[in-house]
Amino acid sequence: MHQTVIIKGNNYGLSVFLDPEIPMDMLLEDIGTKFRESSKFFRGARMALTFEGRSLTPEEINAIVNTICDNSEINISCVIDTDKARETFFRQALEEKAEEEERQKPDEGGQFYKGTLRSGQILEAEGSIILLGDVNPGARVVAGGNIIVLGALRGTAIAGLGSRKHAIVVALEMDPIQIRIGDVAVRQTKKGTRKGAQIAYLDLGRIYVEPLCREVIDAVEFQ
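Report on the accompanying structure.

Rules behind the numbers
- Residues numbered from 1 in each chain as written.
- Predicted model: local features only at pLDDT ≥ 70, side-chain atom pairs only at ≥ 80, totals over all residues.
- Heavy atoms only, no water.
- Core = buried A, V, L, I, M, F, W, Y, C linked by side-chain atoms within 4.5 Å.
- Buried < 20%, exposed > 50% of the residue type's maximum accessible area, 1.4 Å probe, protein only.
- Helix = DSSP H or I, 4+ residues; strand = E, 2+ residues; numbered from the N terminus.
- Contact = heavy atoms within 4.5 Å.
- Patch = residues over 30% accessible without salt bridge, like charges linked within 9 Å, V, L, I, M, F, W, Y side chains within 5 Å.
- Areas by Shrake-Rupley, 256 points an atom, 1.4 Å probe, with all protein chains shown as cover.
- Salt bridge = Lys/Arg side-chain N within 4 Å of Asp/Glu carboxyl O.
- Pairing = 2+ DSSP bridges.
- Axes fitted to C-alpha atoms, helices over the stretch in contact; angles between N-to-C directions.
- Polar contact = N/O pair within 3.5 Å; in protein donor to acceptor, adjacent residues only side chain to side chain.

Some thoughts on the nonpolar core
Working step 1: Core analysis: the largest hydrophobic core is formed by 23 residues, its most contacted members being L131, V135, I147, V169 and I181.
Working step 2: Going through the elements one at a time, β6 (122-125), β7 (129-132), β8 (140-143), β9 (147-153), β10 (156-159), β11 (168-174), β12 (178-181) and β14 (198-203) are the ones with two or more residues in this core.
Working step 3: The residues contacting I181, other than those within four sequence positions of it, are A159, R164, K165, A167, V169, A200, Y201, L202 and I207.
Working step 4: Judged by nonpolar contacts, the second largest core, of 20 residues, contains V16, L18, M47 and L49.

As structure tokens, this is what we get:
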């Protein structure tokens, strides 16, 4: 029996051979049937596609892609419209797509909170935290990334959760009960608020707290 749709795969994608003669509506039906039958082999896979054997318009390519998505669980990264595509082209296309998606990911650390944290309250985030307000004694801010307090830090700040040693803690008024960066912690030993904005950072296993200025910013390695 003549096959109107033939699927061939490599490590990076699929080549779909299409019959050049049959009408498009019949071809779409055959594509749907073929991918339904093969869906268990490609479930959840990220694939690049190329179509061979038939010249296609952008509208036809879009219709084919929609048919494949409706009849399988393939994650289509891109379509390479060339009969000369080979495994190296698939790999390059997937790598470029992965890089693009990585660049377009929202910053996991950018949580913004407005308000004052009172004793017993805890603010947590997987990434960084920017807090517009004060952190009172007994309150805690816990972040996988940096902590920026646009107010007074008088409670506890835990930054760089998971041993991220390049995290920082910044506050306009720095008078914390405790600061922890990565695995290193320091408790407030001096009474009174440090004047002006301050930055706390980890260097050679020790936490330093210094006035926030251009020279310190340039010297500190951020995550």
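A closer look at a nonpolar patch on the surface
Working step 1: A surface patch of nonpolar side chains, amounting to about 420 Å² of accessible area, comprises F112, I130, L132, L150 and L172.
Working step 2: Structurally, the position occupied by L150 is in strand β9.

What about the sheet that holds β9?
Working step 1: Read across the sheet, 6 strands follow the order β5-β7-β9-β11-β14-β15 without closing on themselves; strand pairing throughout is mixed. A single partner strand is all that each edge strand has here, and the edge strands are β5 (111-114) and β15 (206-211). Here the strands of the sheet are splayed against their neighbours by 20° on average, with no regard to which way each runs.

A short note on the sheet that holds strand β13 (residues 184-187)
Working step 1: Across the sheet, which stays open at both edges, the 5 strands sit in the order β6-β8-β10-β12-β13 with mixed pairing between neighbours. Where the open sheet ends on each side, the last strands, each with one partner, are β6 and β13. Between one strand axis and the next, the sheet turns through 5° on average, direction left out of account.
Working step 2: Across 4 bridges, the pairing between β12 and β13 is antiparallel. Along β13, the bridge assignment pairs I181 with V184.

Considering the environment of E60
Working step 1: Relative to the helices and strands, E60 resides in helix α2 (residues 58-70).
Working step 2: Assessed through its relative accessible area of 22%, E60 is described here as partly exposed.
Working step 3: Setting aside residues no more than four positions away along its own chain, E60 makes contact with M24 and S55.
Working step 4: Among the polar contacts listed, one links the side chain of E60 to the backbone nitrogen of T57, at a separation of 3.0 Å.

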